[in-house]
Amino acid sequence: MTTVSASTDAVPAHPASARADWRDTLREATDLALLGFAVALAALPVLTLAPALATASAALHDRSVTGSWPDARTSLARFGRALPAGLAVSAVALAAAALLAADLVALATGRVPGGELALALTAVVVAVLLGYAGLVAVAVGRTGGQGWRAAARRVARACPERPGVWAAAAGICALAVLLGVLVTPVAVPILGGYALAALHALDARRPVPAPDPS
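Let me sum up the structure you'll find in this document. (Residues numbered from 1 in each chain as written. Predicted model: local features only at pLDDT ≥ 70, side-chain atom pairs only at ≥ 80, totals over all residues. Heavy atoms only, no water.)

## Some details on the nonpolar core
Here's step 1: In terms of nonpolar packing, the biggest core is built from 17 residues, with Leu135, Val136, Val140, Trp148 and Val155 touching the most fellow members.
Here's step 2: Contributing elements (two or more residues each) for this core: helix 3 (49–66), helix 5 (115–141), helix 6 (148–161), helix 7 (163–182) and helix 8 (188–203).
Here's step 3: In terms of residues, this core owes the most to one element, helix 5, which gives 5 residues.
Here's step 4: Once residues lying within four places of it in the same chain are set aside, the contact partners of Val136 are Trp148, Ala151, Ala152 and Val155. (Core = buried A, V, L, I, M, F, W, Y, C linked by side-chain atoms within 4.5 Å. Buried < 20%, exposed > 50% of the residue type's maximum accessible area, 1.4 Å probe, protein only. Helix = DSSP H or I, 4+ residues; strand = E, 2+ residues; numbered from the N terminus. Contact = heavy atoms within 4.5 Å.)

Have a look at this one:
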């Protein structure tokens, strides 16, 4: 009996466990895609973009902490609370995005002097600002979808202290924008959900404090 037990313990895990892991991955990917579509739907009035992002970010934070998504009532309540401040944030962010996009187009078409160097520098500035904005959205999600001003201040202090995280966030946002230009429009919300999840995963990798030498 002892021999049989030992041989049973030595048997590798059943392939069903691998299939379960695959199903979990697929379910997570589907959830993120649906989250992206929910953000796109809530942002259709344009000025509701920031409240939609704040609500989605809060949902992702709940998912990472509790292991489950918040219910619809909680998300709707958060969206409602995020509307007053979020409308102003959306207006400012969209105006800045329009100005930067116009600057890039003008440089790319030669209507503004500067050439490729100025275009490359402007693109880097845009990516850096996108990374900052992405980390602010993550910080807002950690406070239930509210507190844009406080989140902006916290991230502004944290970015110089964590330049690697800032650079990685800029890379995530820039890649999402680039892919959004290349793929079919229906896939853009999916990219948004994945990008926001990637930013949350990146921000969660906080540096471990050094041990006290004493």
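## Brief notes about the layout of surface pockets
Here's step 1: Estimates place the volume of the largest pocket at around 1800 Å³.
Here's step 2: Lining of the largest pocket is provided by 45 residues; of these, Leu49, Leu53, Leu130, Ala133 and Val177 occupy positions nearest its centre.
Here's step 3: At the level of secondary structure, the elements contributing two or more residues to the lining of the largest pocket comprise helix 2 (15–42), helix 3, helix 4 (72–108), helix 5, helix 6, helix 7 and helix 8.
Here's step 4: Looking at which element gives the most residues to the lining of the largest pocket, the answer is helix 4, with 11 residues.
Here's step 5: Tallied by class, the residues present in the lining of the largest pocket amount to 38 nonpolar, 6 polar and 1 charged.
Here's step 6: As a volume, the second largest pocket reaches approximately 390 Å³.
Here's step 7: Along the wall of the second largest pocket there are 16 residues; nearest its centre are Leu35, Ala38, Thr55, Ala59 and Ser75.
Here's step 8: Within the residue set of the lining of the second largest pocket, elements represented by two or more residues are helix 2, helix 3 and helix 4.
Here's step 9: With 6 residues, helix 2 is the single largest residue contributor to the lining of the second largest pocket.
Here's step 10: Residues that form the lining of the second largest pocket fall into these classes: 13 nonpolar, 2 polar and 1 charged. (1 Å grid on protein atoms, 1.4 Å probe; cavity = no way out; pocket = protein on both sides within 12 Å on 5 of 7 lines; lining within 4 Å. Points joined across faces, edges and corners; volume = space filled by probe spheres on them. Nonpolar A, V, L, I, M, F, W, Y, C, P; charged D, E, K, R; others polar.)

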